[in-house]
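Take a look at the letters that make up each chain.
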Amino acid sequence: MRLLESYQLGPLTLKNRVVMAPMTRSRAPEQVPGDLNATYYAQRAGAGLIISEGTQVSALGAGYPWTPGIHTDEQAAGWRTVTDAVHAADGLIFAQLWHVGRMGHPTVHGGTPVAPSAIAPGEEIFTSEGMQPIPTPHELTLDEIAGVIEDFRHAARQAQAAGFDGLEVHGANGYLLDQFLQTGSNERTDGYGGSVAGRARLLLEVTEAVAETWGADRVGVRLSPGGTFSGMSDDDPAETFSYAMKSLDAYGLAYLHVVETSQTLPPVGLDDVGGPTALARSVYSGTIITAGEYDRDSAERAVTENRADLVAFARQYLANPDLPERFRVGAELNDGDQATFYGGGAEGYTDYPTLDAS
(Lines give C-alpha, C1' and ligand atoms only; values in the text may rest on other atoms or scores of the structure.)
Protein backbone atom coordinates (compact mmCIF):
# COMPACT_ATOMS: atom_id res chain seq x y z
CA MET A 1 0.00 0.00 0.00
CA ARG A 2 1.24 3.47 -0.87
CA LEU A 3 -0.39 4.70 2.35
CA LEU A 4 2.12 2.63 4.31
CA GLU A 5 5.20 3.78 2.41
CA SER A 6 7.68 6.13 4.04
CA TYR A 7 7.54 9.85 3.25
CA GLN A 8 10.13 12.60 3.49
CA LEU A 9 8.63 15.59 5.32
CA GLY A 10 11.31 18.24 5.18
CA PRO A 11 14.11 17.01 7.47
CA LEU A 12 11.94 14.23 8.91
CA THR A 13 11.44 10.74 7.50
CA LEU A 14 7.95 9.47 8.27
CA LYS A 15 7.60 5.70 8.51
CA ASN A 16 4.27 5.86 6.66
CA ARG A 17 1.73 8.36 5.33
CA VAL A 18 -0.75 7.79 8.16
CA VAL A 19 -1.16 10.82 10.42
CA MET A 20 -2.84 10.86 13.81
CA ALA A 21 -5.11 13.89 13.64
CA PRO A 22 -5.34 16.38 16.51
CA MET A 23 -8.19 15.40 18.83
CA THR A 24 -9.39 17.14 21.97
CA ARG A 25 -9.70 14.53 24.72
CA SER A 26 -9.94 16.75 27.85
CA ARG A 27 -7.69 14.63 30.02
CA ALA A 28 -5.16 17.17 31.26
CA PRO A 29 -6.09 18.16 34.84
CA GLU A 30 -4.96 21.70 35.63
CA GLN A 31 -4.14 22.00 31.88
CA VAL A 32 -0.88 20.05 32.38
CA PRO A 33 -0.22 16.76 30.52
CA GLY A 34 1.02 13.80 32.53
CA ASP A 35 1.77 10.10 32.48
CA LEU A 36 -1.67 9.06 31.24
CA ASN A 37 -1.33 11.35 28.23
CA ALA A 38 2.17 10.00 27.59
CA THR A 39 0.84 6.45 27.51
CA TYR A 40 -1.95 7.43 25.11
CA TYR A 41 0.34 9.08 22.59
CA ALA A 42 3.10 6.45 22.85
CA GLN A 43 0.54 3.74 22.09
CA ARG A 44 -0.07 5.48 18.76
CA ALA A 45 3.56 6.07 17.79
CA GLY A 46 3.17 3.76 14.80
CA ALA A 47 1.76 6.75 12.91
CA GLY A 48 4.05 8.42 10.42
CA LEU A 49 3.28 11.60 12.33
CA ILE A 50 1.27 12.41 15.45
CA ILE A 51 -0.27 15.87 15.70
CA SER A 52 -1.11 16.63 19.30
CA GLU A 53 -4.49 17.73 20.51
CA GLY A 54 -4.94 21.48 20.45
CA THR A 55 -2.76 23.02 23.15
CA GLN A 56 -3.57 26.59 24.11
CA VAL A 57 -0.96 29.31 23.69
CA SER A 58 -2.29 31.42 26.57
CA ALA A 59 -4.73 31.25 29.47
CA LEU A 60 -7.28 33.22 27.43
CA GLY A 61 -6.77 30.84 24.51
CA ALA A 62 -8.41 27.94 26.37
CA GLY A 63 -11.88 26.91 25.30
CA TYR A 64 -12.82 23.73 27.14
CA PRO A 65 -12.18 22.15 30.54
CA TRP A 66 -9.11 19.97 31.07
CA THR A 67 -7.37 20.79 27.79
CA PRO A 68 -3.58 21.19 27.91
CA GLY A 69 -1.63 24.37 27.49
CA ILE A 70 1.91 25.07 26.34
CA HIS A 71 2.47 28.56 27.74
CA THR A 72 3.91 27.75 31.17
CA ASP A 73 7.08 25.90 32.14
CA GLU A 74 5.00 23.34 34.04
CA GLN A 75 2.96 22.61 30.91
CA ALA A 76 6.11 22.30 28.79
CA ALA A 77 7.55 19.86 31.33
CA GLY A 78 4.35 17.84 31.17
CA TRP A 79 4.56 17.72 27.38
CA ARG A 80 8.20 16.61 27.68
CA THR A 81 6.88 13.48 29.40
CA VAL A 82 4.71 12.89 26.34
CA THR A 83 7.34 13.57 23.69
CA ASP A 84 9.92 11.42 25.47
CA ALA A 85 7.45 8.53 25.50
CA VAL A 86 6.63 8.97 21.81
CA HIS A 87 10.30 9.14 20.85
CA ALA A 88 11.07 6.06 22.94
CA ALA A 89 8.44 4.28 20.85
CA ASP A 90 10.12 5.49 17.63
CA GLY A 91 7.43 8.07 16.84
CA LEU A 92 7.32 11.69 15.72
CA ILE A 93 5.00 14.30 17.22
CA PHE A 94 4.09 17.90 16.35
CA ALA A 95 2.39 20.27 18.80
CA GLN A 96 -0.80 21.92 17.58
CA LEU A 97 -0.82 25.53 18.80
CA TRP A 98 -4.33 26.72 19.54
CA HIS A 99 -6.23 29.84 20.50
CA VAL A 100 -9.99 29.37 20.58
CA GLY A 101 -10.89 33.08 20.34
CA ARG A 102 -14.62 33.54 20.78
CA MET A 103 -15.13 29.79 21.40
CA GLY A 104 -14.32 30.15 25.09
CA HIS A 105 -16.13 30.81 28.34
CA PRO A 106 -15.38 32.67 31.59
CA THR A 107 -15.77 29.43 33.57
CA VAL A 108 -12.72 28.08 31.70
CA HIS A 109 -10.30 31.01 31.70
CA GLY A 110 -11.93 33.59 33.96
CA GLY A 111 -12.09 36.31 31.29
CA THR A 112 -14.18 37.47 28.36
CA PRO A 113 -13.57 35.56 25.13
CA VAL A 114 -11.83 37.54 22.39
CA ALA A 115 -12.36 37.71 18.64
CA PRO A 116 -11.75 39.90 15.58
CA SER A 117 -15.21 41.40 16.03
CA ALA A 118 -17.80 41.42 18.81
CA ILE A 119 -19.94 38.72 17.17
CA ALA A 120 -21.12 35.78 19.26
CA PRO A 121 -21.33 32.41 17.46
CA GLY A 122 -24.86 31.91 18.78
CA GLU A 123 -24.08 28.52 20.29
CA GLU A 124 -23.61 26.83 23.64
CA ILE A 125 -20.31 25.37 24.79
CA PHE A 126 -19.38 22.58 27.17
CA THR A 127 -17.99 23.81 30.49
CA SER A 128 -17.25 22.23 33.85
CA GLU A 129 -20.71 23.47 34.87
CA GLY A 130 -22.45 21.89 31.88
CA MET A 131 -23.57 23.51 28.64
CA GLN A 132 -23.47 27.32 28.72
CA PRO A 133 -24.29 30.02 26.15
CA ILE A 134 -21.16 31.52 24.61
CA PRO A 135 -21.01 35.22 25.49
CA THR A 136 -20.39 38.04 23.03
CA PRO A 137 -16.60 38.31 22.68
CA HIS A 138 -14.40 41.35 23.18
CA GLU A 139 -13.05 42.80 19.92
CA LEU A 140 -9.28 42.65 20.04
CA THR A 141 -7.41 45.95 19.83
CA LEU A 142 -4.31 46.29 17.68
CA ASP A 143 -2.10 46.08 20.75
CA GLU A 144 -3.92 42.93 21.87
CA ILE A 145 -3.47 41.38 18.41
CA ALA A 146 0.25 42.01 18.72
CA GLY A 147 0.06 40.24 22.07
CA VAL A 148 -1.61 37.21 20.47
CA ILE A 149 1.25 36.94 17.99
CA GLU A 150 3.72 37.02 20.86
CA ASP A 151 1.69 34.33 22.65
CA PHE A 152 2.14 32.05 19.64
CA ARG A 153 5.85 32.91 19.44
CA HIS A 154 6.31 32.10 23.13
CA ALA A 155 4.33 28.85 22.77
CA ALA A 156 6.56 27.85 19.84
CA ARG A 157 9.62 28.24 22.07
CA GLN A 158 7.92 26.25 24.80
CA ALA A 159 7.17 23.50 22.27
CA GLN A 160 10.90 23.31 21.53
CA ALA A 161 11.66 23.03 25.23
CA ALA A 162 9.03 20.28 25.44
CA GLY A 163 10.85 18.19 22.84
CA PHE A 164 8.35 18.26 19.99
CA ASP A 165 9.57 17.54 16.45
CA GLY A 166 7.68 20.49 14.99
CA LEU A 167 4.40 22.31 15.33
CA GLU A 168 1.08 22.98 13.63
CA VAL A 169 -0.67 26.35 13.66
CA HIS A 170 -4.39 25.75 14.22
CA GLY A 171 -6.10 28.02 11.70
CA ALA A 172 -9.23 25.90 11.31
CA ASN A 173 -12.56 24.83 12.80
CA GLY A 174 -13.93 28.21 13.88
CA TYR A 175 -11.13 29.16 16.28
CA LEU A 176 -9.33 32.50 16.48
CA LEU A 177 -7.24 32.50 13.30
CA ASP A 178 -10.17 31.11 11.32
CA GLN A 179 -12.39 33.79 12.86
CA PHE A 180 -10.08 36.48 11.48
CA LEU A 181 -9.97 34.81 8.08
CA GLN A 182 -13.69 34.50 7.36
CA THR A 183 -16.11 37.34 6.65
CA GLY A 184 -18.90 35.99 8.84
CA SER A 185 -16.84 36.54 11.99
CA ASN A 186 -14.60 39.44 10.93
CA GLU A 187 -16.19 42.84 10.35
CA ARG A 188 -13.08 44.89 11.11
CA THR A 189 -12.25 47.92 8.97
CA ASP A 190 -8.59 48.21 9.95
CA GLY A 191 -5.56 46.32 8.62
CA TYR A 192 -6.84 43.01 10.03
CA GLY A 193 -10.20 43.09 8.25
CA GLY A 194 -11.97 44.07 5.07
CA SER A 195 -10.02 42.63 2.14
CA VAL A 196 -8.90 39.01 2.06
CA ALA A 197 -5.34 40.23 2.56
CA GLY A 198 -6.40 41.99 5.76
CA ARG A 199 -8.36 39.02 7.05
CA ALA A 200 -5.48 36.61 6.33
CA ARG A 201 -2.92 38.89 7.94
CA LEU A 202 -3.02 37.44 11.46
CA LEU A 203 -2.76 33.85 10.20
CA LEU A 204 0.31 34.79 8.16
CA GLU A 205 1.93 36.84 10.91
CA VAL A 206 1.48 34.01 13.41
CA THR A 207 2.94 31.55 10.90
CA GLU A 208 5.93 33.81 10.34
CA ALA A 209 6.47 34.22 14.08
CA VAL A 210 6.58 30.50 14.83
CA ALA A 211 8.63 29.75 11.70
CA GLU A 212 11.28 32.19 12.95
CA THR A 213 11.66 29.96 15.99
CA TRP A 214 11.43 26.54 14.38
CA GLY A 215 12.31 27.00 10.73
CA ALA A 216 9.49 26.82 8.22
CA ASP A 217 10.21 23.17 7.34
CA ARG A 218 9.06 22.10 10.82
CA VAL A 219 5.84 24.14 10.80
CA GLY A 220 2.46 23.11 9.39
CA VAL A 221 -0.83 25.00 9.18
CA ARG A 222 -4.35 23.59 9.43
CA LEU A 223 -7.27 25.16 7.54
CA SER A 224 -10.93 24.18 7.10
CA PRO A 225 -12.14 25.79 3.86
CA GLY A 226 -15.88 26.11 3.62
CA GLY A 227 -16.38 24.96 7.20
CA THR A 228 -19.52 25.96 9.08
CA PHE A 229 -18.41 24.67 12.47
CA SER A 230 -19.04 27.12 15.34
CA GLY A 231 -21.21 29.41 13.25
CA MET A 232 -18.52 30.12 10.66
CA SER A 233 -19.27 31.48 7.17
CA ASP A 234 -17.56 33.37 4.38
CA ASP A 235 -18.87 35.35 1.44
CA ASP A 236 -16.42 33.72 -1.00
CA PRO A 237 -14.57 30.78 0.56
CA ALA A 238 -12.81 29.84 -2.68
CA GLU A 239 -11.26 33.30 -2.92
CA THR A 240 -10.50 33.55 0.80
CA PHE A 241 -8.84 30.18 1.17
CA SER A 242 -7.03 30.15 -2.15
CA TYR A 243 -5.45 33.46 -1.12
CA ALA A 244 -4.46 32.05 2.27
CA MET A 245 -3.06 28.86 0.75
CA LYS A 246 -1.09 30.68 -1.96
CA SER A 247 0.36 32.98 0.68
CA LEU A 248 1.34 30.07 2.92
CA ASP A 249 2.92 28.28 -0.03
CA ALA A 250 5.59 30.99 -0.23
CA TYR A 251 6.97 30.09 3.22
CA GLY A 252 8.20 26.58 2.40
CA LEU A 253 6.24 25.01 5.24
CA ALA A 254 6.35 21.37 6.30
CA TYR A 255 2.75 20.93 5.17
CA LEU A 256 -0.72 22.32 4.73
CA HIS A 257 -3.36 20.34 6.66
CA VAL A 258 -6.82 20.57 5.10
CA VAL A 259 -10.08 19.51 6.75
CA GLU A 260 -12.04 17.85 3.98
CA THR A 261 -15.31 16.70 5.51
CA SER A 262 -15.18 16.22 9.29
CA GLN A 263 -16.36 19.73 10.11
CA THR A 264 -17.55 20.69 6.63
CA LEU A 265 -20.72 18.80 5.80
CA PRO A 266 -21.07 19.84 3.06
CA PRO A 267 -18.20 22.26 2.31
CA VAL A 268 -19.94 25.52 1.52
CA GLY A 269 -19.09 27.39 -1.68
CA LEU A 270 -16.41 24.98 -2.92
CA ASP A 271 -18.38 22.70 -5.24
CA ASP A 272 -16.89 24.29 -8.36
CA VAL A 273 -13.32 23.58 -7.24
CA GLY A 274 -13.93 20.01 -6.08
CA GLY A 275 -13.80 20.62 -2.34
CA PRO A 276 -11.19 21.77 0.19
CA THR A 277 -8.38 19.32 -0.65
CA ALA A 278 -8.76 19.83 -4.40
CA LEU A 279 -8.59 23.59 -3.86
CA ALA A 280 -5.41 23.14 -1.86
CA ARG A 281 -3.79 20.95 -4.51
CA SER A 282 -4.59 23.53 -7.20
CA VAL A 283 -2.80 26.41 -5.46
CA TYR A 284 -0.36 24.88 -2.93
CA SER A 285 2.82 23.20 -4.17
CA GLY A 286 4.03 21.59 -0.93
CA THR A 287 2.97 18.61 1.15
CA ILE A 288 -0.77 18.33 1.77
CA ILE A 289 -2.39 16.41 4.62
CA THR A 290 -6.07 15.74 4.09
CA ALA A 291 -8.39 14.94 7.00
CA GLY A 292 -12.00 13.84 6.96
CA GLU A 293 -14.15 10.76 6.80
CA TYR A 294 -11.44 8.56 5.30
CA ASP A 295 -11.17 4.82 5.68
CA ARG A 296 -8.34 2.53 4.56
CA ASP A 297 -9.43 2.34 0.93
CA SER A 298 -10.40 5.96 0.39
CA ALA A 299 -7.15 7.09 2.02
CA GLU A 300 -5.18 4.80 -0.26
CA ARG A 301 -6.94 6.27 -3.29
CA ALA A 302 -6.23 9.82 -2.10
CA VAL A 303 -2.47 9.27 -1.99
CA THR A 304 -2.32 6.99 -5.04
CA GLU A 305 -4.19 9.56 -7.13
CA ASN A 306 -1.95 12.33 -5.74
CA ARG A 307 -4.86 14.25 -4.29
CA ALA A 308 -2.94 14.44 -1.03
CA ASP A 309 0.41 13.25 0.28
CA LEU A 310 -0.62 12.21 3.78
CA VAL A 311 -3.97 11.31 5.34
CA ALA A 312 -5.00 12.16 8.90
CA PHE A 313 -7.32 9.91 10.91
CA ALA A 314 -9.16 10.96 14.05
CA ARG A 315 -11.78 8.62 15.50
CA GLN A 316 -10.20 5.58 13.88
CA TYR A 317 -6.93 6.41 15.62
CA LEU A 318 -8.68 7.17 18.88
CA ALA A 319 -10.00 3.61 19.04
CA ASN A 320 -7.16 1.79 17.25
CA PRO A 321 -3.71 2.49 18.70
CA ASP A 322 -2.15 0.23 16.04
CA LEU A 323 -4.08 1.68 13.09
CA PRO A 324 -1.30 1.39 10.45
CA GLU A 325 -0.78 -2.29 11.30
CA ARG A 326 -4.50 -2.93 11.06
CA PHE A 327 -4.45 -1.26 7.64
CA ARG A 328 -1.48 -3.42 6.62
CA VAL A 329 -3.17 -6.73 7.40
CA GLY A 330 -6.72 -5.62 6.60
CA ALA A 331 -7.90 -6.21 10.17
CA GLU A 332 -11.24 -5.09 11.55
CA LEU A 333 -11.21 -1.82 13.44
CA ASN A 334 -12.35 -1.21 17.01
CA ASP A 335 -15.35 1.09 17.40
CA GLY A 336 -14.88 4.20 19.51
CA ASP A 337 -16.95 4.72 22.65
CA GLN A 338 -18.44 8.19 22.28
CA ALA A 339 -19.33 8.35 25.96
CA THR A 340 -15.62 8.45 26.82
CA PHE A 341 -14.36 10.77 24.07
CA TYR A 342 -14.04 13.77 26.41
CA GLY A 343 -12.88 13.79 30.00
CA GLY A 344 -12.36 10.92 32.41
CA GLY A 345 -9.38 8.64 32.86
CA ALA A 346 -7.92 5.57 31.21
CA GLU A 347 -11.28 4.10 30.16
CA GLY A 348 -11.87 4.84 26.50
CA TYR A 349 -8.43 6.44 26.33
CA THR A 350 -5.60 3.98 26.85
CA ASP A 351 -7.53 0.70 27.09
CA TYR A 352 -8.43 0.06 23.44
CA PRO A 353 -7.00 -3.34 22.42
CA THR A 354 -4.29 -3.80 19.80
CA LEU A 355 -4.04 -6.80 17.49
CA ASP A 356 -1.35 -8.31 19.72
CA ALA A 357 -3.66 -8.04 22.72
CA SER A 358 -6.83 -9.24 20.97
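Please refer to the structure higher up on the page.
The following refers to the structure shown.

Conventions and cut-offs
Per-chain numbering applies: the sequence of each chain, read as written, is numbered from 1 onward. This being a predicted model, a pLDDT of at least 70 is required before a residue's local features are given, and a value of 80 or more before pairs of side-chain atoms are given or counted; all residues contribute to the totals for chains, interfaces and linings. To obtain the side-chain values, all non-hydrogen atoms of the structure were included, while hydrogens and water were left out. Under the scheme used here, helices are H or I runs from DSSP no shorter than 4 residues and strands are E runs no shorter than 2 residues, and both carry numbers assigned from the N terminus. Note on method: radius of gyration uses C-alpha positions; expected globular size equals 2.2 Å times residues raised to 0.38. Here the accessible surface of atoms and residues is derived via Shrake-Rupley with a 1.4 Å probe, and residues count as covered only by protein chains that are part of the display. When charges are counted, neither His nor the chain ends are considered; positive counts come from Lys and Arg and negative counts from Asp and Glu. Charged groups are reduced to one reference atom each: NZ for lysine, CZ for arginine, CG for aspartic acid, CD for glutamic acid. When a carboxyl oxygen of Asp or Glu lies within 4 Å of a side-chain nitrogen of Lys or Arg, that pair is called a salt bridge. Exposed residues in this analysis have more than 50% of their type's maximum accessible area, buried residues have under 20%, and partly exposed residues fall in between, with area computed by a 1.4 Å probe over protein chains only. The pairing test for Phe, Tyr and Trp rings, Trp by its six-membered ring, is centres within 6.5 Å, and the orientation test on the planes gives stacked under 30 degrees, edge-to-face over 60, and tilted for anything in between. Fitted lines through C-alpha atoms serve as axes, helices being fitted only where they are in contact, and the angles separating the N-to-C directions of these axes extend from 0 to 180 degrees. A crossing counts as left-handed when the near helix is turned anticlockwise from the far one by less than a right angle, and as right-handed when that turn is clockwise. Only heavy atoms matter for contacts: two residues are in contact if any of them lie within 4.5 Å across the pair. Here the term charged refers only to Asp, Glu, Lys and Arg, the term nonpolar to Ala, Val, Leu, Ile, Met, Phe, Trp, Tyr, Cys and Pro, and the term polar to all other amino acids, Gly among them. Among buried residues, the Ala, Val, Leu, Ile, Met, Phe, Trp, Tyr and Cys ones that are joined through side-chain atoms within 4.5 Å form a nonpolar core.

**Describing the overall build of the protein**
Within the protein, the regular secondary structure consists of 11 helices and 14 strands. The C-alpha radius of gyration computed for the protein amounts to 19 Å, which stays within 12% of the reference 21 Å derived for 358 residues, consistent with globular compactness. Dimensions of the protein along its principal axes, counting C-alpha atoms only, are 55 × 45 × 35 Å. Carbon and sulfur atoms make up 47% of the accessible area of the protein, which amounts to about 13100 Å² in all. Of the side chains in the protein, 23 bear a positive and 47 a negative charge, and the two mean positions are spaced by 6 Å.

**What about the pattern of salt bridges?**
Within the structure shown, the criterion is met by 13 salt bridges. The closest approach of N and O atoms between Glu-150 and Arg-153, which form a salt bridge, is 3.2 Å. Residue Glu-150 and its partner Arg-153 are both found in helix H4 (residues 142-161); the two are separated by three residues, about one turn of the helix. Of the residues examined, Arg-153 reaches a relative accessible area of 16% and is grouped as buried. Among the ionic pairs, Asp-297 bridges to Arg-296, the shortest N-O distance being 3.5 Å.

**What about the packing of aromatic side chains?**
Counted according to the given criterion, the structure contains 12 aromatic pairs. Measuring from centroid to centroid gives 4.1 Å for Tyr-40 and Tyr-349, while their planes differ by 10 degrees, and the two rings are stacked. Of this pair, Tyr-40 sits in helix H1 (residues 35-43) while Tyr-349 sits in the segment after helix H11 (323-329), and the two are 309 residues apart along the sequence. Under the relative-accessibility criterion, Tyr-40 is labelled buried at 0%.

**Observations regarding the packing of helix H6 (residues 196-214) against helix H7 (residues 237-249)**
Relative to each other, H6 and H7 sit at 35 degrees, their axes nearing to 10 Å. As H6 runs across H7, the sense of the crossing is right-handed. From H6, Val-196, Ala-197, Arg-199, Ala-200, Leu-203, Leu-204 and Thr-207 reach across to H7, where they touch Glu-239, Thr-240, Tyr-243, Ala-244, Ser-247 and Leu-248. For the contact of H6 with H7, the per-class residue count stands at eight nonpolar, three polar and two charged.

**Side note on the nonpolar core**
Ranked by size, the top nonpolar core spans 79 residues in total, and within it Leu-97, Leu-223 and Phe-313 carry the most contacts. A per-element tally of this core places H6 first, with nine residues. If near-sequence neighbours (up to four positions away) are discounted, Phe-313 is found in contact with Leu-3, Val-18, Val-19, Met-20, Ala-21, Tyr-294, Asp-295, Ala-299, Leu-323 and Phe-327. In terms of nonpolar packing, the next biggest core, distinct from the first, is built from 16 residues, Leu-9, Ala-21, Leu-49 and Ala-291 among them.

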